[in-house]
Each structure stands twice: as C-alpha cells, then as structure tokens.
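Structural features, examined
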Amino acid sequence: MELWRDKIKKTEPYVPGEQPEGKNIIKLNTNENPYPPSPMVKKAIDEYSCGNLRLYPSFVCKGLKSALSDIYNVGEEEIFLGNGSDEVLALCFMTFFNSDKAVLFPDITYSFYDVWCSLYGIPYERIPLDNDFRIVKEDYFKENGGVVIANPNAPTGIYMETGSIEEIIENNRDSIVIIDEAYIDFGGSSAVELIHKYDNLAVVQTFSKSRALAGIRVGCAMANAKLINALEAVKNSFNSYTLNSLSQAAAEAAARDTAYFEECCNKIINTRTWTVEELSKLGFETLPSCSNFIFTTNKNIDAGSLFEYLKSNGIIVRYFNKPRINQYLRITIGTDEQMKALIEAIRRYP
Ligand SMILES: *Cc1c(COP(=O)(O)O)cnc(C)c1O
C-alpha cells in the first residue's frame, strides 16, 4: 500500500557540494565568493534592530525591490524575490512549466532542473551540447513546454551571447523561457532588458555568487508583470513570507554597493585568467569560462584520481562522475593565494 511512496521514491534529490567543517581547507567546490560581502552588509546587520524579529517580514520587500529596480532598470512590479534562486527557480518551474509537452534544457547543465521536473511530474528532454560543450540554439526552435538555460552554463562556464538568447526567446513565443543568470556578473551581459520586449522571458539571478551572500539566501526573477503576478500567486499559496527581514536588509545593502561589487568581480576575473594560464602550462585544457569557476581536463591525469588527491591535500573541488564530463574538474575561483596553493598542489601530483 502506501501509495505516496511511489512518487517520492522516484525523486532523486539534488546533491549539493559538501560544506566541510575543517579550518584549513581550501574550499573550491560550491562556487562561493572568496571575498566577504560588502562592508555595507555588515553595517546593515549591525544596525538591524533585533526587536524587529518579533514581526513578520515585509512581503512587499520594497527596499530590496527598489535597489534592484535601480540596478537593472526594471519596474518593481517586474521583480519577484525568493529565498535563494533555487526557490525562485522551483516556483518558476511550478508556475510556468505545466503543459504536456517536454521542457527543454541541455544534457549538461545545473543538475537541479531535472530534479524539479521529476518532483512536479513535468516531462522534459535533455538536449545534448555540441562537442565543444556549447548550446546549439537551433535545437530549441521546436515545440516544447518551456525552456530553461543557465547562462553562463554550469558546470561548463560557457557563455552564450544575448543575440542567441534572444533568438531562442523569439522562437518560443508560446512557452516560457527561463534564463538562469547565477554567474552572469563574471563576464557576461544580462538578458534582463529583453523582459520589456518579450512577455515569455523570465531572468533569474542570485545574491549567492557575485554578491557573496550565499548564506543569506536571496534570489530574484525579473519578468513581465503578468508573469511576476503569476509567481506571486503561486508563492502566496505556499508561503507568503519566504524572505526574512534580516536577509532583505543585508541584500539591499549589497545591491546598493556597486563599486565594491565590481571590484570583487574584477578580482575574480583576473584570478581566473591567471589560473587558466597556469593550468595550461601543466597540460590542462580549460573551457572558456565567463563564470567564477572553471571546467578543466588533462589528457594525462585521471580527473577522479586528481579530485581525491587534492582532497587529501585539503583542497576540495567538484567532480561529477557522469557521462561526457567524468574527466573534468569544476574548480571555483578563490583568492590569488588559494589558486597558487592549488597550482602548487597539482604540480606535486605524483
Ligand atoms: C548556485 C546556482 C543557483 C542557486 O543559487 P542560490 O544560492 O539558491 O541562489 C542557481 N542556478 C545555478 C546555475 C547555480 O549555479
């Protein structure tokens, strides 16, 4: 009996990168920012009145929405906020992907997409990336129940120009296209302005990577007000207060400190360039990355063994034992010092 078990059992949960407790570990496995959040975040938290926790948070999130509205040049009615972009994406899947047709996404991409499809019973089709791990836009010009693309893609780091993104949106006017821009600030250009041109586009972003606030759990979707209203309705049928008031204050402070944000992103981009060069001297081939991680391989070194070796040397990177990518490592860009230690450790690989 126990009919409920049938469905739950089929859902294989997403497996996040490990969060080790040890002190001297160099953690390059979950694409966190190696730099602390803006000093303005500390100020906002220090000034936050603890007595305020007595109250439910604002579900309008006026302050944070107005900060995002200034940055992205969108109306506050075009912004949806959530408890991390994972929650925003999960609600987008629930709200926008509910036809009998398959939702399309690449075979190699953020591994949460098929988890949500399976949780909600949404049919889906994985479209293979080409041999260079690039998305072939024409593959998405066919009937579907929705499209979701991470841009830059994960774990490849490869960025697709906004022109190609626009073609995908244009060729799917009857379904919703979600662009997951978790890594857009590390070298790409956002598709967000297209929300004024296309009512079938939702752009999702997060404070976890480029704004160094993974612990505070804030993400957003930007889209035409009609789509945002639909998202709000679904969210309010589930939990009206997803964003706590402390997180709202911290995220608003981070969003308003543009100078610090740009400085950190630039540092990470420079460290990425250095790391790719050093790895290339050691015989690694790295996919062209526009994100805060790289995806790299070496013909002479087994990726799984290198992963274990680095781990035993206190450096944790990400290894996916999956078809097509099991000879690659995904390495988050840390500080210069951390990346030097990584290169030194690889140099000593027996
Ligand atoms: C990290 C990541 C997210 C989710 O980040 P949150 O911390 O939940 O905001 C979403 N999509 C991709 C592709 C990511 O790598």
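Note that residues are indexed from 1 along each chain, following the sequence as it is written. Whole-chain, interface and lining totals are the exception, using all residues; otherwise, since this is a predicted model, local features are given only for residues with pLDDT of at least 70 and side-chain atom pairs are given and counted only at 80 or more. Heavy atoms throughout the structure, all of them, feed into the side-chain values; hydrogens and water do not.

Bridge count between strand E3 (residues 103-106) and strand E4 (residues 124-127): four bridges; the pairing is parallel. Bridge assignment links Pro 106 to a residue of E4, and that residue is Ile 127. Handedness of a crossover: with both strands directed away from the viewer, a clockwise path from the first strand across the helix to the second marks it as right-handed. The helix and strand labels rest on DSSP assignments: H or I over at least four residues marks a helix, E over at least two residues marks a strand, and numbering proceeds from the N terminus. Considered for its hand, the β-α-β crossover made up of E3, helix H5 (residues 112-120) and E4 is right-handed. When DSSP locates at least two bridges between a pair of strands, those strands are taken to pair.

Right, let's get into the layout of surface pockets. In this analysis a 1.4 Å probe is tested at points of a 1 Å grid over the protein atoms alone, and where it fits but cannot get out there is a cavity; an open set with protein on both sides within 12 Å along at least five of seven lines is a pocket; lining residues have an atom within 4 Å of a point. Grid points are joined across faces, edges and corners, and a volume is the space filled by probe spheres set on the points. In this structure, the largest pocket occupies an estimated 1200 Å³ of space. Lining the largest pocket we find 50 residues, and of these Tyr 14, Tyr 110, Ser 111, Phe 112 and Arg 318 sit closest to its centre. Looking at the lining of the largest pocket, the elements with two or more residues in it are helix H4 (85-96), E3, H5, E4 and strand E12 (318-319). Of the residues forming the lining of the largest pocket, the biggest block, five residues, is contributed by H5. Split into classes, the residues belonging to the lining of the largest pocket amount to 24 nonpolar, twelve polar and 14 charged. Start and end positions for the domains come from either an automated domain assignment or a database one. Here the lining of the largest pocket gathers at least three residues from each of two domains, domain 1 (21-36 + 259-347) and domain 2 (39-256). Lining the second largest pocket are 15 residues, and of these Ile 71, Tyr 72, Asp 185, Ser 190 and Phe 261 sit closest to its centre. If you list the elements that add at least two residues to the lining of the second largest pocket, you get helix H3 (62-72) and helix H9 (258-281). If you tally residues by element for the lining of the second largest pocket, the top one is H9, at three residues. In this count, Pro and Cys sit with the nonpolar residues alongside Ala, Val, Leu, Ile, Met, Phe, Trp and Tyr, while Asp, Glu, Lys and Arg are called charged and the others, Gly among them, polar. Looking at the lining of the second largest pocket, its residues break down into six nonpolar, five polar and four charged.

Next up on the list: a nonpolar patch on the surface. Here, patches come from residues exposed beyond 30% relative accessible area and free of salt bridges, joined within 9 Å for like charges and within 5 Å for nonpolar side chains (Val, Leu, Ile, Met, Phe, Trp, Tyr). Exposure was quantified through the Shrake-Rupley algorithm and a 1.4 Å probe, taking into account, for residues, occlusion by the shown protein chains and nothing else. The working definition used for a salt bridge is a side-chain nitrogen of Lys or Arg within 4 Å of a carboxyl oxygen of Asp or Glu. On the surface, a nonpolar cluster with roughly 450 Å² of combined accessible area is contributed by Tyr 56, Phe 59, Val 60 and Tyr 241. Counting through the fold element by element, Tyr 56 comes out in the loop between helix H2 (39-47) and H3.

A few words on H3. For each residue, the accessible area found with a 1.4 Å probe, counting protein chains only, is set against the maximum for its type, and the residue is called buried under 20%, exposed over 50%, and partly exposed in between. The set of residues buried in H3 consists of Leu 64, Lys 65, Ser 66, Ala 67, Leu 68, Ser 69 and Tyr 72. Contacts made by the buried residues of H3 are with strand E2 (79-82), strand E7 (201-206), strand E8 (219-223), helix H7 (225-235) and helix H8 (245-256). Positive phi shows up at Asn 73, right after H3, with a value of about 60°. Whether two residues are in contact is decided by their heavy atoms: any pair within 4.5 Å suffices.

Let us now look at the packing of aromatic side chains. Pairs were defined over the aromatic rings of Phe, Tyr and Trp, the Trp ring being its six-membered one, requiring ring centres within 6.5 Å. Orientation was assigned from the angle between planes: stacked under 30 degrees, edge-to-face over 60, tilted for the rest. The full count for this structure, using the stated rule, is 18 aromatic pairs. Each ring, one from Tyr 56 and one from Tyr 241, has its centre 4.5 Å from the other, and the planes form 15°; the classification is stacked. Placement of Tyr 56 in the loop between H2 and H3 and of Tyr 241 in the loop between H7 and H8 is noted, with a sequence separation of 185 residues between them. Arranged with centres 4.8 Å apart and planes meeting at 15°, the rings of Phe 295 and Tyr 328 form a pair that is stacked.

This next bit is on the domain arrangement of the protein chain. Assigned domains of the protein chain: these are domain 1 (21-36 + 259-347) and domain 2 (39-256). Between domain 1 and domain 2, the C-alpha centre-to-centre distance is 25 Å. The interface of domain 1 with domain 2 comprises 26 residues on the first partner and 28 residues on the second. A 1.4 Å probe defines the accessible area here, and the buried area is the portion of it lost by two parts on being joined, summed over both. Carbon and sulfur atoms supply 65% of the area that domain 1 and domain 2 bury against each other, a total of about 2100 Å² over both sides. Between Arg 324 and Asp 107 there is a salt bridge; the shortest N-O distance is 2.9 Å. Secondary structure elements with two or more residues in the side of domain 1 that touches domain 2: H9, strand E10 (293-297) and strand E13 (328-332). The element that contributes the greatest number of residues to the side of domain 1 that touches domain 2 is H9, accounting for six residues. Counted by class, the side of domain 1 that touches domain 2 contains 15 nonpolar, six polar and five charged residues.

All right, on to the site of the ligand then. For each residue, the test is whether any non-hydrogen atom lies within 4 Å of the molecule or strand; if one does, the residue is near. Every residue close to the ligand is listed here: Gly 84, Ser 85, Asp 86, Leu 89, Tyr 110, Asp 180, Ala 182, Tyr 183, Thr 206, Ser 208, Lys 209 and Arg 217. We define a polar contact as two N or O atoms separated by no more than 3.5 Å, with the added condition that, inside protein, one atom must be a possible hydrogen donor and the other a possible acceptor, whereas residues neighbouring each other in sequence contribute only through side-chain atom pairs. At 2.6 Å, a backbone N or O of Ser 85 approaches an oxygen atom of the ligand. A distance of 2.9 Å separates an oxygen atom of the ligand from a polar atom in the backbone of Asp 86. Computed on the free molecule, the ligand has an accessible area of 390 Å², of which 92% lies beneath the protein chains in the complex.

Counted by the stated rule, this structure contains 19 salt bridges. The salt bridge partner of Lys 27 is Glu 32, with a shortest N-O separation of 2.7 Å. The class for Glu 32 is partly exposed, based on a relative accessible area of 27%. One salt-bridge network, held together by shared partners, links Glu 278, Lys 281, Glu 344 and Arg 347.

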